[in-house]
Amino acid sequence: MNMLIRGGQVIDPGRFNGSADVLIVDGKISAIDKKLQVKDENLRVVDAKDYIVCPGFVDLHVHFREPGFEYKETIASGVASAVAGGFTAVCCMPNTKPVNDCQAVTDLILKQAERAHKARVYPIGAITKGSEGKELAEIGELYESGCVAISDDGRPVMNGFIMRRAMEYAKTFNLPVVDHCEDLHLTNGGSMHEGLVSTEMGIPGIPAAAEDVMVARNVALAEMTGARLHLAHVSTVGSVRSIREAKARGLPVTAEVCPHHFTLTDEAVRAFNTNAKMNPPLRTNTDITAVREGLQDGTIDAIATDHAPHAVQEKELQFDEAPFGIVGLETALPLTLRLVEEGVLSLEDAIAKLTKGPAQAFNLTDGTLSVGANADLVLIDPQQEWTIDPTKFHSKGRNTPFAGWQVKGKVMLTIVSGEIVFEDTASSG
Amino acid sequence: MGLKRKDILSIASLSVDEINMILEASEPFKEVSGREIKKVPALRGKTVVNLFFEPSTRTRTSFELAAKRLSADVINFSPSSSSIVKGETLLDTAKNIESMQADIIVLRHSSSGAAETLGRAVRSSVINAGDGWHEHPTQALLDLFTIKEKKGGISGLGVVIVGDLAHSRVARSNIHGLVKMGARVRVVSPPTMVPPFFDQLGVEVYHSFDEALPGMDVIIMLRLQLERQGWALFPSIREYSRLYGLTAERVQLAKPNVLIMHPGPLNRGVEIAPEVADSHGSVILDQVTNGVAVRMGLMYLLSELN
């Protein structure tokens, strides 16, 4: 069925920003203009007055846990969470069981995504077999099966030589090489940011330098090999500085930041809150300022969630034993809109960090409302206030440090290929 | 007036008034332990469970004696004999113990924050008997009790704490307690064993033992965890002992009647020379005696509340 989205504030970052109607025909964007007149008896008209209409969000970094850890999340529950958060395309990390290091696993992920029939799922293949950091995975096969990038996320490639070879090899396919930058020797078993709070709590710390040195190494290797480097979940002053300098020199480097890293500091960990335990860890106000500046000046291209669901019983463990990670798909929008409220980003720039920025980083065709593009879009009520309630998440994960937060900005409708895949029934009226 | 809290999780969370209340409540119990019949009925009918996930002889025994001298029923629970080996979580274990109507759970655990997590989950009172590198509040209370007993007070005293600060719950609890009670606290450690921003706990950080000693009334030596040798914290026990061991010569650099303390167990000849451990100024065994009294005082105050 064709659809006319009438009267919203249409924001297609860098291309269009103003009140307009959006016409969807056969699952594609057909026209965007003021007061479109359409003669079609079966046309579904959606009133978007007071809403923002923008491209569906693109998340470069999610963990959907299938295959292997379906008790934490499945691809079906993951994409349900994605569209509830306004995301129409997600890139899922390969740290499943088995690791996504071959076509069979990639095929399974794509098949399950097709069955779930909500958001688009782009698998990220492993850099090394089993993500063990020893031998290169069959990167050519991964590329041909549909992987959009390669990463050993969660298990950083510690061996610089292997990373060099991976970058060289990935160039053939123009695949971005994504690294979770962490020197595990410097981490040495740490489980939160190393600073005053970790000192007081007696929790082994992860120094900022553990990230900084690996960002610097990867930038040097990208320069040497000419490969495309994407830096996952940047969290430190030092990382932002290195990336800014790399971009200034014209290196093909992109970067993402997670909402929690521009919102919370390590103070959130006090009282041994395992829902504030993630990797990289929550850092300091200085780091928050740096990543926000990185978003402002374009050093950081994308906001990504690092959506990492875990079961309740896992997060109920003692702090050092609980797994790293929080869910993020259903809280990313309001947290990003806080940056607009606080004057860090314009509304259009904020939306760009969720759409065009990430799409370009991974060469995806998503993140735009250009005529002929897939009709993947989201309708947002920017004024609606609501309380974050993990029990209402579509994700299986409840692990968020934002439970109980009063936030503003809600996803009202999510459309993929012209079909409504999420509708906020609770608050629509 | 009694303690208005269910749990004793840390010294950081206690007020000066609460610390004073515990120290005062402990005094009469020291006398009880000196009697022929070392028992009072204060906790008769109450149940105390010692839940120890780390090996401990001294602390567990001290808690056990304290509870028994208060006439409580005491159960000792340790991982080897419990369901932990079957994969049960700490919270499930604790909730089972709570369901047996335990009034006080004494927890020793290798994870920082374990006691706080437990305190939130159960109605029973929880006493932290050491959690990871975080806190060991009863050790600090017994140290404060001992210093007060020997020196007549704590405020204004110079106290130096020596050893691995990064990995020591005893150091953290003692620092919070001593700073709150008005002592001037110095710490001595190689930089590898000082976590970042340590001075913000209210202490002066020294790397030279000899420079830290002048003017000090109390020296608290921390046990060197010999198993940490592979952590690149210090080159060798020999060098550690040379730079940070308390010798008779070093004792001379402090005030004449300096108190020498150690939470035990001692590494004789490593962080403390045998003749110093056994010297007149050493109150290491008084600490052990006072530990029972302080734990009695604490459990008495907690049971009054419940």
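Values in this document were obtained by computation on a predicted structure and should not be read as measured data.

Draft legend 1. Up close: the interface of chain B and chain A. At the interface, 21 residues of chain B touch 17 residues of chain A. Taken together, the two surfaces of chain B and chain A that pack against each other cover about 1600 Å², and 60% of this comes from carbon and sulfur. On inspection of chain B and its partner chain A, the count reaches zero salt bridges. Viewed at the interface, chain A and chain B are joined by six residue pairs in polar contact (both at pLDDT 80 or more). Of all the secondary structure elements, the ones that give two or more residues to the side of chain B that touches chain A are helix 3 (90–99) and helix 4 (114–121) of chain B. With four residues, helix 4 of chain B is the largest single contributor of residues to the side of chain B that touches chain A.

Draft legend 2. Focus on the domain arrangement of chain A. All names here are of chain A. Structurally, chain A comprises domain 1 (3–53 + 373–428) and domain 2 (56–361). Taken over C-alpha atoms, the centre of domain 1 sits 26 Å from the centre of domain 2. Between domain 1 and domain 2, the residue contacts involve 37 residues of the former and 47 residues of the latter. Together, Pro 13, Lys 396 and Asn 399 form the three largest contributors to the area buried by domain 1 at its contact with domain 2, with a combined 20%. Ionic pairing is found between Arg 120 and Asp 376, a salt bridge with its closest N-O pair at 2.5 Å. The tally of links between domain 1 and domain 2 comes to 17 residue pairs in polar contact (both at pLDDT 80 or more). Every element with two or more residues in the side of domain 1 that touches domain 2 is listed here: strand 1 (3–12), strand 16 (377–387), strand 17 (406–416) and strand 18 (419–423). Top element by residues in the side of domain 1 that touches domain 2 is strand 17. It accounts for eight residues. Residues belonging to the side of domain 1 that touches domain 2 are distributed by class as follows: 18 nonpolar, 12 polar and seven charged.

Draft legend 3. Examining the domain arrangement of chain B more closely. Residue and element names in this part refer to chain B. Considered domain by domain, chain B is made up of domain 1 (16–135 + 288–303) and domain 2 (137–284). Centre-to-centre, using C-alpha coordinates, domain 1 lies 26 Å away from domain 2. Facing 28 residues of domain 1, the contacting portion of domain 2 comprises 25 residues. Looking only at domain 1, the three residues that lose the most surface to domain 2 are Leu 23, Trp 133 and Glu 135, adding up to 31% of its buried area. If you look at where domain 1 meets domain 2, you find three salt bridges. A salt bridge links Lys 148 to Glu 27; the shortest N-O distance between them is 3.9 Å. Viewed at the interface, domain 2 and domain 1 are joined by nine residue pairs in polar contact (both at pLDDT 80 or more). Contributions of two or more residues to the side of domain 1 that touches domain 2 are made by helix 1 (16–33), helix 2 (58–69), strand 3 (104–109), strand 4 (125–131) and helix 11 (284–305).

Draft legend 4. Quick look at the environment of Ile11(A). Here Ile11(A) lies in strand 1. Distance in space between the C-alpha atoms of Ile11(A) and Cys54(A) is 5.0 Å, their sequence separation being 43 residues.

Draft legend 5. Fine view of the sheet that holds strand 6 (residues 184–188) of chain B. All names here are of chain B. On the basis of which strands lie adjacent, the open sheet formed by five strands has the order 7-6-5-8-9 and parallel pairing. For this open sheet the edge positions go to strand 7 (204–206) and strand 9 (259–261), each flanked by a neighbour on one side alone. Across the sheet, the mean angle separating the axes of adjacent strands is 20 degrees when strand polarity is ignored. Relative to strand 7, strand 6 is paired through three bridges, and the arrangement is parallel. Across the sheet, the residue bridging to Arg 186 is Glu 204, located in strand 7. Contacts from helix 5 (residues 137–151) reach strand 8 (218–221) and strand 9 within the one sheet, and its direction differs from that of strand 9 by about 160 degrees.

Draft legend 6. Here's a closer look at empty space enclosed by the protein. Residue and element names in this part refer to chain B. Counting across every chain of the model gives six cavities of 30 Å³ or more. Volume-wise, the largest cavity comes out at about 110 Å³. In this structure, the largest cavity is lined by 14 residues; those nearest its centre are Arg 58, Gln 139, Leu 142, Gln 287 and Val 288. Looking at the lining of the largest cavity, the elements that each hand over two or more residues are helix 2, helix 5 and helix 11.

Draft legend 7. Focus on the packing of aromatic side chains. Overall, the coordinates contain eight aromatic pairs over all chains when judged by the stated rule. Look at Phe234(B) and Tyr240(B): their rings are 5.5 Å apart centre to centre, the planes differ by 55 degrees, and that puts the pair in the tilted class. This pair shows no difference in class: Phe234(B) is buried, exactly as Tyr240(B) is. Every member of this aromatic cluster is reached through a ring pair, and the members are Tyr143(A), Tyr169(A) and Phe173(A). When the ring centre of Phe69(A) is taken as reference, the NZ or CZ atom of Lys72(A) above it lies at 5.9 Å. Its guanidinium or amino end placed over the ring of Trp386(A), Lys410(A) lies 4.9 Å from that ring's centre, counting from NZ or CZ.

Draft legend 8. Molecular detail of the environment of Asn95(A). Residue and element names in this part refer to chain A. Along the chain, the position of Asn 95 falls in the loop between strand 7 (87–92) and helix 2 (103–116). In this structure, the C-alpha to C-alpha distance between Asn 95 and Arg 155, residues 60 residues apart in sequence, is 8.4 Å. With sequence-adjacent residues up to four places away left out, Asn 95 is seen in contact with His 63, Arg 65, Phe 69 and Asp 153. A distance of 2.8 Å separates a polar atom in the side chain of Asn 95 from a polar atom in the side chain of His 63.

Draft legend 9. The confidence of the model for chain B, seen in detail. Considering every residue of chain B, the mean pLDDT works out to 94; 97% of them sit at 70 or more. Here the predicted complex carries an ipTM of 0.93, next to a pTM of 0.95.

Draft legend 10. Quick peek at the side chain of Thr225(A). Residue and element names in this part refer to chain A. For Thr 225, the location among the structural elements is in helix 7 (residues 208–225). A polar atom in the side chain of Thr 225 sits 3.2 Å from the backbone nitrogen of Ala 227. Setting aside its immediate chain neighbours within four residues, Thr 225 contacts Arg 164, Met 167, Glu 168 and Lys 171.

Draft legend 11. Highlighting the sheet that holds strand 4 of chain B. Residue and element names in this part refer to chain B. With parallel pairing, four strands are arranged side by side in an open sheet as 2-1-3-4. Since the sheet does not close on itself, it has two edges, and those belong to strand 2 (73–77) and strand 4, each with one partner. In this sheet, adjacent strand axes meet at a mean angle of 15 degrees when their direction is disregarded. For strand 1 (residues 47–52) and strand 3, the ladder comprises five bridges, and the chain directions are parallel. Bridged to Asn 50 within strand 3 is Val 106. Lying on the sheet, helix 2 is in contact with strand 1, strand 2, strand 3 and strand 4; it crosses strand 1 at an angle near 175 degrees.

Draft legend 12. Local environment of the pattern of salt bridges. Residues and elements named next belong to chain A. Inspection of the entire model under this criterion finds 39 salt bridges over all chains. Between Glu 200 and Arg 270 there is a salt bridge, with its nearest N and O atoms 2.9 Å apart. With Glu 200 in helix 6 (residues 196–201) and Arg 270 in the loop between strand 14 (253–257) and helix 9 (285–297), this pair connects stretches of sequence that are 70 residues apart. Classification of Glu 200 by relative accessible area gives partly exposed; the value is 22%. A relative accessible area of 30% places Arg 270 in the partly exposed class.

Reading the values: the criteria
Residues numbered from 1 in each chain as written. Chains lettered and ligands numbered in written order. Predicted model: local features only at pLDDT ≥ 70, side-chain atom pairs only at ≥ 80, totals over all residues. Heavy atoms only, no water. Contact = heavy atoms within 4.5 Å. Buried area = accessible area lost by both parts, 1.4 Å probe. Salt bridge = Lys/Arg side-chain N within 4 Å of Asp/Glu carboxyl O. Polar contact = N/O pair within 3.5 Å; in protein donor to acceptor, adjacent residues only side chain to side chain. Helix = DSSP H or I, 4+ residues; strand = E, 2+ residues; numbered from the N terminus. Domains from an automatic or database assignment. Nonpolar A, V, L, I, M, F, W, Y, C, P; charged D, E, K, R; others polar. Pairing = 2+ DSSP bridges. Axes fitted to C-alpha atoms, helices over the stretch in contact; angles between N-to-C directions. 1 Å grid on protein atoms, 1.4 Å probe; cavity = no way out; pocket = protein on both sides within 12 Å on 5 of 7 lines; lining within 4 Å. Points joined across faces, edges and corners; volume = space filled by probe spheres on them. Phe/Tyr/Trp six-rings, centres within 6.5 Å; stacked < 30°, edge-to-face > 60°. Buried < 20%, exposed > 50% of the residue type's maximum accessible area, 1.4 Å probe, protein only. Lys NZ or Arg CZ within 6 Å of the ring centre and 35° of its normal. pLDDT = per-residue confidence, 0-100.

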